Amino acid sequence: MNHKVSPSLLSADFKNLQTDIEMINRSEADWLHLDIMDGVFVPNISFGFPILEVAKTTCLKPLDVHLMIVQPEKFISRFKEYNIHTLSIHYEACIHLHRVVEEIKEAGMNASVTLNPHSPVHLLEDIIQELDMVLIMSVNPGFGGQQFITHSLEKVAELKEMILKKNLSTLIEVDGGVNMETGKQLLDAGADVLVAGSYVFKSPDPMKTIHQLKTL
Ligand code: DX5
Ligand code: ZN
(Lines give C-alpha, C1' and ligand atoms only; values in the text may rest on other atoms or scores of the structure.)
(Ligands and ions follow the chains in the order given, each with its own letter.)
Protein backbone atom coordinates (compact mmCIF):
# COMPACT_ATOMS: atom_id res chain seq x y z
CA MET A 1 0.00 0.00 0.00
CA ASN A 2 3.04 2.25 -0.10
CA HIS A 3 3.08 2.40 -3.86
CA LYS A 4 2.40 5.49 -5.93
CA VAL A 5 -0.16 5.98 -8.69
CA SER A 6 0.60 8.29 -11.60
CA PRO A 7 -2.38 8.76 -13.96
CA SER A 8 -1.33 9.45 -17.55
CA LEU A 9 -2.80 12.63 -18.98
CA LEU A 10 -2.60 11.17 -22.49
CA SER A 11 -6.05 9.62 -22.01
CA ALA A 12 -7.62 12.75 -20.51
CA ASP A 13 -10.26 14.87 -22.23
CA PHE A 14 -8.21 17.64 -23.86
CA LYS A 15 -11.36 19.73 -24.36
CA ASN A 16 -11.61 19.87 -20.60
CA LEU A 17 -8.02 19.58 -19.52
CA GLN A 18 -8.38 21.89 -16.55
CA THR A 19 -11.35 19.87 -15.23
CA ASP A 20 -9.37 16.64 -15.53
CA ILE A 21 -6.29 18.09 -13.82
CA GLU A 22 -8.48 19.45 -11.02
CA MET A 23 -9.91 15.94 -10.60
CA ILE A 24 -6.31 14.67 -10.26
CA ASN A 25 -5.70 17.35 -7.62
CA ARG A 26 -8.67 16.13 -5.57
CA SER A 27 -7.83 12.46 -6.06
CA GLU A 28 -5.39 10.18 -4.26
CA ALA A 29 -3.03 10.26 -7.25
CA ASP A 30 0.57 10.78 -6.17
CA TRP A 31 1.90 12.18 -9.43
CA LEU A 32 0.66 13.25 -12.85
CA HIS A 33 2.28 11.39 -15.78
CA LEU A 34 2.86 13.42 -18.95
CA ASP A 35 3.80 11.68 -22.20
CA ILE A 36 5.79 13.77 -24.66
CA MET A 37 6.13 12.19 -28.13
CA ASP A 38 7.97 13.54 -31.15
CA GLY A 39 6.75 11.36 -34.02
CA VAL A 40 10.35 10.16 -34.56
CA PHE A 41 11.24 8.09 -31.53
CA VAL A 42 7.66 6.78 -31.49
CA PRO A 43 5.07 6.64 -34.30
CA ASN A 44 2.86 9.27 -32.69
CA ILE A 45 2.93 12.96 -31.69
CA SER A 46 1.31 13.97 -28.42
CA PHE A 47 1.99 17.37 -26.87
CA GLY A 48 4.82 19.55 -25.67
CA PHE A 49 5.63 22.73 -23.79
CA PRO A 50 2.20 24.46 -23.91
CA ILE A 51 0.54 21.52 -22.14
CA LEU A 52 3.42 21.35 -19.66
CA GLU A 53 2.69 25.00 -18.91
CA VAL A 54 -0.97 24.14 -18.18
CA ALA A 55 0.16 21.30 -15.91
CA LYS A 56 2.67 23.52 -14.15
CA THR A 57 0.05 26.16 -13.37
CA THR A 58 -2.94 23.85 -12.67
CA CYS A 59 -1.63 20.62 -11.20
CA LEU A 60 -0.87 20.42 -7.49
CA LYS A 61 0.75 16.99 -7.80
CA PRO A 62 4.39 16.42 -8.80
CA LEU A 63 4.89 16.17 -12.56
CA ASP A 64 6.21 12.83 -13.82
CA VAL A 65 7.35 13.52 -17.38
CA HIS A 66 8.03 10.67 -19.82
CA LEU A 67 9.99 11.80 -22.87
CA MET A 68 9.55 9.69 -25.99
CA ILE A 69 11.80 11.88 -28.12
CA VAL A 70 15.16 11.56 -29.87
CA GLN A 71 18.03 13.66 -28.56
CA PRO A 72 16.41 14.55 -25.23
CA GLU A 73 19.67 16.25 -24.18
CA LYS A 74 18.74 19.17 -26.45
CA PHE A 75 15.87 20.18 -24.19
CA ILE A 76 16.96 19.57 -20.57
CA SER A 77 17.25 23.30 -19.82
CA ARG A 78 13.78 23.94 -21.32
CA PHE A 79 12.19 21.18 -19.22
CA LYS A 80 13.77 22.71 -16.14
CA GLU A 81 11.27 25.60 -16.45
CA TYR A 82 8.21 23.45 -15.68
CA ASN A 83 8.72 22.33 -12.07
CA ILE A 84 9.17 18.74 -13.17
CA HIS A 85 9.66 16.26 -10.35
CA THR A 86 10.99 13.33 -12.38
CA LEU A 87 12.17 13.37 -15.98
CA SER A 88 12.31 10.01 -17.78
CA ILE A 89 14.40 9.60 -20.90
CA HIS A 90 14.62 6.46 -22.99
CA TYR A 91 17.70 4.24 -22.87
CA GLU A 92 17.20 3.66 -26.60
CA ALA A 93 17.30 7.42 -27.35
CA CYS A 94 20.62 8.27 -25.68
CA ILE A 95 24.13 7.51 -26.83
CA HIS A 96 25.71 9.27 -23.84
CA LEU A 97 23.18 8.22 -21.27
CA HIS A 98 25.38 8.87 -18.23
CA ARG A 99 26.01 12.47 -19.34
CA VAL A 100 22.29 13.17 -19.91
CA VAL A 101 21.36 11.68 -16.54
CA GLU A 102 23.88 13.98 -14.86
CA GLU A 103 22.47 16.97 -16.74
CA ILE A 104 18.94 16.17 -15.57
CA LYS A 105 20.08 15.99 -11.94
CA GLU A 106 22.14 19.16 -12.26
CA ALA A 107 18.97 20.87 -13.54
CA GLY A 108 17.27 19.94 -10.26
CA MET A 109 15.04 17.12 -11.48
CA ASN A 110 14.98 13.47 -10.49
CA ALA A 111 16.47 11.33 -13.25
CA SER A 112 14.79 8.25 -14.64
CA VAL A 113 15.71 5.94 -17.51
CA THR A 114 13.02 4.10 -19.47
CA LEU A 115 13.41 0.68 -21.06
CA ASN A 116 11.39 -0.38 -24.10
CA PRO A 117 9.89 -3.88 -23.96
CA HIS A 118 12.80 -5.32 -25.97
CA SER A 119 15.57 -3.79 -23.82
CA PRO A 120 16.85 -6.10 -21.08
CA VAL A 121 17.23 -4.92 -17.51
CA HIS A 122 20.93 -5.78 -17.36
CA LEU A 123 21.64 -2.81 -19.68
CA LEU A 124 21.23 -0.64 -16.58
CA GLU A 125 23.85 -2.47 -14.52
CA ASP A 126 26.40 0.40 -14.81
CA ILE A 127 24.00 3.36 -14.55
CA ILE A 128 21.43 2.25 -11.98
CA GLN A 129 23.39 3.75 -9.08
CA GLU A 130 22.88 7.21 -10.63
CA LEU A 131 19.12 6.87 -11.12
CA ASP A 132 16.21 7.98 -8.97
CA MET A 133 13.84 5.79 -10.96
CA VAL A 134 13.63 3.25 -13.77
CA LEU A 135 10.56 3.22 -16.00
CA ILE A 136 9.72 -0.19 -17.43
CA MET A 137 7.52 0.00 -20.52
CA SER A 138 4.94 -2.77 -20.44
CA VAL A 139 3.66 -1.80 -23.91
CA ASN A 140 5.50 -0.41 -26.92
CA PRO A 141 5.53 3.34 -26.34
CA GLY A 142 3.42 5.66 -28.47
CA PHE A 143 -0.20 4.97 -27.64
CA GLY A 144 -2.57 4.55 -24.73
CA GLY A 145 -4.98 1.65 -24.42
CA GLN A 146 -2.64 -1.17 -25.49
CA GLN A 147 -2.41 -4.64 -24.04
CA PHE A 148 -0.02 -5.36 -21.19
CA ILE A 149 3.08 -7.40 -22.14
CA THR A 150 3.29 -10.04 -19.41
CA HIS A 151 7.06 -10.51 -19.73
CA SER A 152 7.32 -7.09 -18.03
CA LEU A 153 6.61 -8.84 -14.73
CA GLU A 154 9.85 -10.80 -15.01
CA LYS A 155 11.72 -7.61 -15.89
CA VAL A 156 10.35 -5.85 -12.81
CA ALA A 157 11.37 -8.76 -10.58
CA GLU A 158 14.87 -8.84 -12.09
CA LEU A 159 15.26 -5.10 -11.71
CA LYS A 160 14.09 -5.24 -8.09
CA GLU A 161 16.71 -7.88 -7.41
CA MET A 162 19.41 -5.69 -8.97
CA ILE A 163 18.34 -2.68 -6.87
CA LEU A 164 18.25 -4.65 -3.62
CA LYS A 165 21.56 -6.37 -4.34
CA LYS A 166 23.22 -3.01 -4.83
CA ASN A 167 21.49 -1.61 -1.75
CA LEU A 168 19.90 1.24 -3.71
CA SER A 169 16.56 3.00 -3.29
CA THR A 170 15.80 3.45 -7.00
CA LEU A 171 12.06 3.41 -7.70
CA ILE A 172 10.53 1.13 -10.33
CA GLU A 173 7.71 2.65 -12.37
CA VAL A 174 5.69 0.66 -14.90
CA ASP A 175 3.75 2.15 -17.80
CA GLY A 176 1.29 0.54 -20.20
CA GLY A 177 -1.78 -1.65 -19.87
CA VAL A 178 -2.03 -1.17 -16.12
CA ASN A 179 -5.36 -2.15 -14.56
CA MET A 180 -6.38 -3.77 -11.28
CA GLU A 181 -5.16 -7.21 -12.37
CA THR A 182 -1.83 -6.24 -13.94
CA GLY A 183 -1.33 -3.58 -11.27
CA LYS A 184 -1.52 -6.19 -8.51
CA GLN A 185 0.88 -8.48 -10.37
CA LEU A 186 3.32 -5.61 -10.87
CA LEU A 187 3.26 -4.66 -7.20
CA ASP A 188 3.88 -8.28 -6.23
CA ALA A 189 6.85 -8.31 -8.64
CA GLY A 190 8.34 -5.20 -6.98
CA ALA A 191 6.93 -2.13 -8.76
CA ASP A 192 6.75 1.13 -6.78
CA VAL A 193 4.84 3.40 -9.17
CA LEU A 194 1.92 2.45 -11.42
CA VAL A 195 1.13 4.62 -14.45
CA ALA A 196 -2.43 4.22 -15.73
CA GLY A 197 -3.95 6.17 -18.61
CA SER A 198 -7.03 4.69 -20.23
CA TYR A 199 -7.89 2.57 -17.18
CA VAL A 200 -8.30 5.78 -15.15
CA PHE A 201 -9.62 8.34 -17.61
CA LYS A 202 -11.97 6.05 -19.56
CA SER A 203 -13.53 4.66 -16.39
CA PRO A 204 -16.95 5.88 -15.24
CA ASP A 205 -15.49 7.33 -12.03
CA PRO A 206 -11.78 8.19 -12.44
CA MET A 207 -11.35 9.33 -8.82
CA LYS A 208 -12.71 6.02 -7.58
CA THR A 209 -10.47 4.12 -10.01
CA ILE A 210 -7.43 5.99 -8.69
CA HIS A 211 -8.52 5.10 -5.15
CA GLN A 212 -8.82 1.44 -6.16
CA LEU A 213 -5.36 1.46 -7.72
CA LYS A 214 -4.00 3.07 -4.54
CA THR A 215 -5.54 0.42 -2.32
CA LEU A 216 -4.27 -2.57 -4.33
C1 DX5 B 1 2.41 5.08 -23.89
C2 DX5 B 1 2.51 6.02 -22.74
C3 DX5 B 1 1.65 5.71 -21.59
C4 DX5 B 1 0.17 5.66 -21.88
C5 DX5 B 1 -0.34 4.51 -21.06
O6 DX5 B 1 3.44 5.32 -24.76
O7 DX5 B 1 3.83 6.06 -22.25
O8 DX5 B 1 1.91 6.53 -20.47
O9 DX5 B 1 -0.53 6.81 -21.53
O10 DX5 B 1 -1.65 4.27 -21.42
P11 DX5 B 1 -2.46 3.04 -20.87
O12 DX5 B 1 -2.43 3.09 -19.37
O13 DX5 B 1 -3.82 3.25 -21.45
O14 DX5 B 1 -1.78 1.79 -21.40
ZN1 ZN C 1 4.22 7.15 -20.34
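Above this text is the structure in question.
Asks: Give a detailed account of the site of ligand 1, specifying residues and quantitative values.
Replies: Neighbouring ligand 1 are 20 residues, the closest being Ser 8, Gly 142, Asp 175, Gly 197 and Ser 198. Contact between ligand 1 and His 33: an oxygen atom at 3.4 Å from a side-chain N or O atom of the residue. Between ligand 1 and the protein, one listed contact pairs an oxygen atom with a side-chain N or O atom of His 66 at 3.2 Å. Starting from 380 Å² of accessible surface for ligand 1 in isolation, the protein chains cover 99%. Judged by the proximity of its atoms to the pocket grid, ligand 1 belongs to the largest pocket. Those elements that place two or more of their residues in the shell around ligand 1 are strand 2 (32–37), strand 3 (63–68) and strand 8 (193–196). With three residues, strand 2 is the single largest residue contributor to the shell around ligand 1. Tallied by class, the residues present in the shell around ligand 1 amount to eight nonpolar, ten polar and two charged.

Asks: Can you lay out the packing of helix 1 (residues 17–26) against helix 8 (residues 206–214) for me, pointing to particular residues and giving the numbers?
Replies: It is the contact of helix 1 with helix 8, at a shortest axis distance of 10 Å, that shows an interaxial angle of 40 degrees. With respect to helix 8, the element helix 1 is oriented oblique. The hand of the helix 1/helix 8 crossing is right-handed. Here Met 23, Ile 24 and Arg 26 of helix 1 lie close against helix 8, whose contacting residues are Pro 206, Met 207 and Ile 210.

Asks: Describe the packing of aromatic side chains, with residues and values.
Replies: Taken as a whole and assessed by the stated rule, the structure comprises four aromatic pairs. Geometrically, the ring pair formed by Phe 14 and Phe 47 is tilted, given 5.8 Å between the ring centres and 40 degrees between the ring planes. Taken together, the positions of Phe 14 in the loop between strand 1 (4–7) and helix 1 and Phe 47 in the loop between strand 2 and helix 2 (49–58) put the pair 33 residues apart, joining distant regions of the chain. On the basis of relative accessibility, which here comes to 11%, the residue Phe 47 falls in the buried class. Three or more aromatic residues joined by ring pairs form one cluster here, namely Phe 49, Phe 75, Phe 79 and Tyr 82.

Asks: Let's hear about the coordination of the zinc ion (ligand 2): which residues, and what values?
Replies: Here the zinc ion (ligand 2) is held by His 33 (NE2), Asp 35 (OD), His 66 (ND1) and Asp 175 (OD), and the distances to it run 2.0 to 2.3 Å. Its six donor atoms give the zinc ion (ligand 2) angles of 70 to 168 degrees at the centre, a pattern that matches the octahedral case. Mapped onto the polypeptide sequence, the residues donating to the zinc ion (ligand 2) form the spacing pattern H-x1-D-x30-H-x108-D. Residue His 33 is found in strand 2, and its partner His 66 is found in strand 3; the two are separated by 33 residues along the sequence. Judged by relative accessible area, which is 0%, His 66 ranks as buried.

Asks: Talk me through the nonpolar core; I want residue IDs and the actual numbers.
Replies: Judged by nonpolar contacts, the single largest core of 63 residues is most densely connected at Leu 34 and Phe 79. Tallying contributions element by element places helix 5 (residues 151–165) first for this core, with five residues. Beyond its immediate sequence surroundings of up to four residues, Phe 79 is in contact with Ile 36, Phe 49, Leu 52, Leu 67, Ile 69, Ile 84, Leu 87 and Met 109. In terms of nonpolar packing, the next biggest core, distinct from the first, is built from five residues, Met 37, Phe 41, Val 42 and Ala 93 among them.

Asks: With reference to specific residues and values, describe the layout of surface pockets.
Replies: Each pocket or cavity is described by its volume, and for the largest pocket that value is around 260 Å³. Forming the boundary of the largest pocket are 25 residues, of which Gly 144, Gly 145, Asp 175, Gly 176 and Gly 177 lie nearest the centre. For the lining of the largest pocket, the secondary structure elements donating two or more residues are strand 2, strand 3, strand 8 and helix 7 (198–201). By residue class, the composition of the lining of the largest pocket is eleven nonpolar, twelve polar and two charged.

Criteria and cut-off values
- Just so you know, the residues in each chain are numbered from 1, in the order the chain's sequence is written.
- The order in which chains are written sets their letters, starting at A; the order in which ligands are written sets their numbers, starting at 1.
- Whole-chain, interface and lining totals are the exception, using all residues; otherwise, since this is a predicted model, local features are given only for residues with pLDDT of at least 70 and side-chain atom pairs are given and counted only at 80 or more.
- Hydrogens and water molecules were not included; the side-chain quantities draw on all heavy atoms of the structure.
- Nearness here has a simple test: a residue counts as near a molecule or strand if at least one of its heavy atoms is within 4 Å of that partner.
- Within 3.5 Å is the distance limit for a polar contact, defined as a pair of N or O atoms, with the added protein rule that one can donate a hydrogen and the other accept it, and that residues adjacent in sequence qualify only through two side-chain atoms.
- Surface exposure here means Shrake-Rupley accessible area, sampled with a 1.4 Å probe, where a residue is shielded only by the protein chains that are shown.
- Site definitions follow a grid-based scheme: protein atoms alone, a 1 Å grid, a 1.4 Å probe that fits but cannot get out for cavities, and for pockets an open set with protein on both sides within 12 Å along at least five of seven lines, plus lining residues having an atom within 4 Å of a point.
- Cavity and pocket membership follows a simple rule, namely that a molecule belongs there if more than half of its atoms are within 2 Å of the grid points.
- We count a stretch as a helix when DSSP gives it H or I for four or more residues in a row; a strand needs E for two or more, and each element gets its number in order from the N terminus.
- Each residue receives one of three labels: charged for Asp, Glu, Lys and Arg, nonpolar for Ala, Val, Leu, Ile, Met, Phe, Trp, Tyr, Cys and Pro, and polar for the others, Gly being one of them.
- Note on geometry: axes are lines fitted to C-alpha atoms, helical ones only across the stretch in contact, with angles between N-to-C directions running from 0 to 180 degrees.
- Throughout, the term roughly parallel applies to angles under 35 degrees, roughly antiparallel to angles over 145, roughly perpendicular to angles from 65 to 115, and oblique to all others.
- Left-handed describes a crossing whose near helix is turned anticlockwise from the far helix through less than a right angle; right-handed describes the clockwise counterpart.
- Note on definitions: a residue-residue contact is assigned when non-hydrogen atoms from the two residues lie within 4.5 Å.
- Any two of the Phe, Tyr and Trp rings considered here, Trp counted by its six-membered ring, make a pair once their centres fall within 6.5 Å; the pair's planes then place it as stacked at under 30 degrees, edge-to-face at over 60, or tilted in between.
- Burial here depends on accessible area, computed with a 1.4 Å probe over protein chains only, as a share of the maximum for the residue type. Under 20% is buried, over 50% is exposed, and the range in between is partly exposed.
- In this listing, donors mean N, O and S atoms no farther than 2.8 Å from the metal, or 3.2 Å for Na, K and Ca; water is missing from the atoms, so a site can look incomplete.
- Under the classification used here, a metal with four donors is tetrahedral if each angle lies between 85 and 135 degrees, square planar if opposite donors are over 155 degrees apart and the others between 65 and 115, a six-donor metal meeting that same test is octahedral, and anything else is irregular.
- What makes a nonpolar core is a set of buried Ala, Val, Leu, Ile, Met, Phe, Trp, Tyr and Cys residues whose side-chain atoms join them at distances within 4.5 Å.
- Grid points are joined across faces, edges and corners, and a volume is the space filled by probe spheres set on the points.

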